[in-house]
Amino acid sequence: MSLMNQTHIREFSQSDYIYQYYLPEGQTGFLLKKLENEYEIKQNKEVKLSLKEQIKIITSSIQEVEFSYQPNQSHFPVEVNLKTGERIYTNEFSWSRGDLPILVLLYKADKVFGEVNNKFIADTVGQVISKRKRLEELNQNPFIRHGTAGIALCFFTLFELSGKKIYKNAYEYWIEKTALLCKREFKELNPDSFLDNYQGVSFILKQEEMDWRKFFF
């Protein structure tokens, strides 16, 4: 059974109350994939309502946004237990999990549904996390999944979706960090996966040459 099918079962299961918001293997990736099919969403009222309900779970679980400091924890949860109300947040800041992929999801949801609330929440959180520039809470490598290349990719995508200069500035910061880290020697975390090796980083550094970014979202 594929990861996508596993996530699909998680969405509609009556006995499984735990939603995990990770990009490659959780609800975040599943919802982004579903948002691509605008025709189905417009034609199928149940699908539209389900997607809205799923996104509302995320936005209703947001932690208070504090503008005076760079956050140590995500504003959006990485896990929600619908039965107990428990929410789990993370100090991770990456392409894979944390606030960045959720912001991409909210901006895309705004474009599909045309509801300003999603965009307002994304804009508000984005003002804070675009200024986050600390490396000590990251896996300090240049790779995509949990490293600086993935962060740069997220910010570039957010800039394309919103047109906000704060995201372009953040992208330039993290792509420079990626280039600097590439001058050091790192052991590839998984040589068979472009998310965890230098082959993937090369895609990010050469992004202007092809329109491949949709593959990552």
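Residues numbered from 1 in each chain as written. Predicted model: local features only at pLDDT ≥ 70, side-chain atom pairs only at ≥ 80, totals over all residues. Heavy atoms only, no water.

Next up on the list: the packing of helix α5 (residues 99–113) against helix α6 (residues 116–129). Contact geometry for α5 and α6: axes closest at 8 Å, N-to-C directions at 150 degrees. As far as their axial angle goes, α6 and α5 are roughly antiparallel. With respect to the hand of their crossing, α5 and α6 are arranged in left-handed fashion. Here α5 contributes D99, L100, L103, L106, Y107, A109 and D110 to the contact with α6, which in turn contributes V116, N118, K119, I121, A122, D123, V125, G126 and I129. Broken down by class, the residue content of the contact of α5 with α6 amounts to 10 nonpolar, two polar and four charged. (Axes fitted to C-alpha atoms, helices over the stretch in contact; angles between N-to-C directions. Helix = DSSP H or I, 4+ residues; strand = E, 2+ residues; numbered from the N terminus. Parallel < 35°, antiparallel > 145°, perpendicular 65-115°, else oblique. Left-handed = near helix turned anticlockwise from the far one by under 90°. Contact = heavy atoms within 4.5 Å. Nonpolar A, V, L, I, M, F, W, Y, C, P; charged D, E, K, R; others polar.)

Relative to the assigned elements, G29 resides in helix α2 (residues 27–35). Among all residues touching G29, those that are not within four sequence positions of it are Y22 and L23.

Scanning the entire structure with this criterion turns up nine aromatic pairs. Both rings, one in F93 and one in W174, keep their centres 6.2 Å apart while their planes meet at 55 degrees; by these two values the pair is tilted. Of this pair, F93 sits in the loop between β3 (87–88) and α5 while W174 sits in helix α8 (residues 165–181), and the two are 81 residues apart along the sequence. Here F93 falls in the buried class, since its relative accessible area comes to 2%. W174 sits in the buried class, given a relative accessible area of 0%. (Phe/Tyr/Trp six-rings, centres within 6.5 Å; stacked < 30°, edge-to-face > 60°. Buried < 20%, exposed > 50% of the residue type's maximum accessible area, 1.4 Å probe, protein only.)

Moving on, we come to helix α7 (residues 148–162). Under the 1.5 Å per step criterion, the end-to-end length of α7 is 21 Å for 15 residues, consistent within 8% with the ideal 21 Å. Burial runs high along α7: 12 of the 15 residues are buried. If you check which residues of α7 are buried, you get T148, A149, G150, I151, A152, L153, C154, F155, F156, T157, L158 and L161. Against the buried residues of α7 lie α5, α6, α8 and α9 (198–205). Following α7 by one or two positions, G163 adopts a phi angle in the positive range, close to 75 degrees. (Expected span 1.5 Å × (residues − 1).)

Read these as layout, nothing more, since geometry by itself doesn't imply function.
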